[in-house]
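Survey of secondary and tertiary structure
Below, each chain spelled out in residue letters.
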Amino acid sequence: MHVYNADSGERWVYRDEWIRAERPDEPTGGTIVDAQARAAIVALIDKLATLAIFPDD
């Protein structure tokens, strides 16, 4: 079962208990920084938050 929590702006899923996705941390560190890959990952995180897959930051 899926529900949308309007108060928190999150989608919750019931799988033996209510669970919700956590917003992942943006990429940091490493010896070689690939700015384009980092930008793409950040854009993906933001889009998933916009779709309420997990909460905004």
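See the structure above.
Notes on the structure in this doc start here. (Residues numbered from 1 in each chain as written. Predicted model: local features only at pLDDT ≥ 70, side-chain atom pairs only at ≥ 80, totals over all residues. Heavy atoms only, no water.)

1. What to know about the overall build of the protein chain
Where we set the bar: Numbering goes from the N terminus for both helices and strands, where a helix is a DSSP run of H or I of at least four residues and a strand is a run of E of at least two. Note on contacts: a residue pair is in contact if any heavy atoms of the two residues lie within 4.5 Å. Computed with the Shrake-Rupley method and a 1.4 Å probe, the accessible areas treat only the protein chains shown as cover for residues.
Regarding its fold elements, the protein chain presents 1 helix and 3 strands. Seen in sequence order, the protein chain has helices and strands lined up from the N terminus as β-β-β-α. Counting only contacts in the protein chain whose residues sit at least 6 apart along the sequence, the fraction spanning at least 24 positions is 33%. Total accessible area computed for the protein chain in this model is approximately 4700 Å², and 54% of it derives from carbon and sulfur atoms.

2. Concerning the pattern of salt bridges
Which entries qualify depends on this criterion: Any Lys or Arg side-chain nitrogen located within 4 Å of an Asp or Glu carboxyl oxygen qualifies as a salt bridge. Whether a residue is buried, partly exposed or exposed follows from its accessible area with a 1.4 Å probe, protein chains only, as a fraction of its type maximum: under 20%, in between, or over 50%, in that order.
Using the criterion set out here, one finds 1 salt bridge in the structure. A salt bridge links Glu10 to Arg20; the shortest N-O distance between them is 3.0 Å. Of this pair, Glu10 sits in strand 2 (residues 10-14) while Arg20 sits in strand 3 (residues 18-20), and the two are 10 residues apart along the sequence. What makes Glu10 buried here is its relative accessible area of 7%.

3. A few points about the sheet that holds strand 1 (residues 2-5)
Worth spelling out the cut-off: Here, a strand pair is defined by DSSP locating no fewer than two bridges between the strands. Every angle, taken between N-to-C directions, lies between 0 and 180 degrees, and every axis is a line fitted to C-alpha atoms, over only the stretch in contact when it is a helix.
With antiparallel pairing, 3 strands are arranged side by side in an open sheet as 1-2-3. Either end of the sheet is taken by a strand with one partner, and the two such strands are strand 1 and strand 3. Adjacent strand axes in the sheet meet at a mean angle of 35° when their direction is disregarded.

4. Concerning a nonpolar patch on the surface
Note the cut-off: Patches in this entry comprise residues that are over 30% relatively accessible and not in a salt bridge; like charges within 9 Å are linked, as are nonpolar side chains (Val, Leu, Ile, Met, Phe, Trp, Tyr) within 5 Å.
Together, Met1, Val3, Tyr14 and Trp18 make up an exposed nonpolar region whose accessible area comes to about 410 Å². Here Trp18 lies in strand 3.

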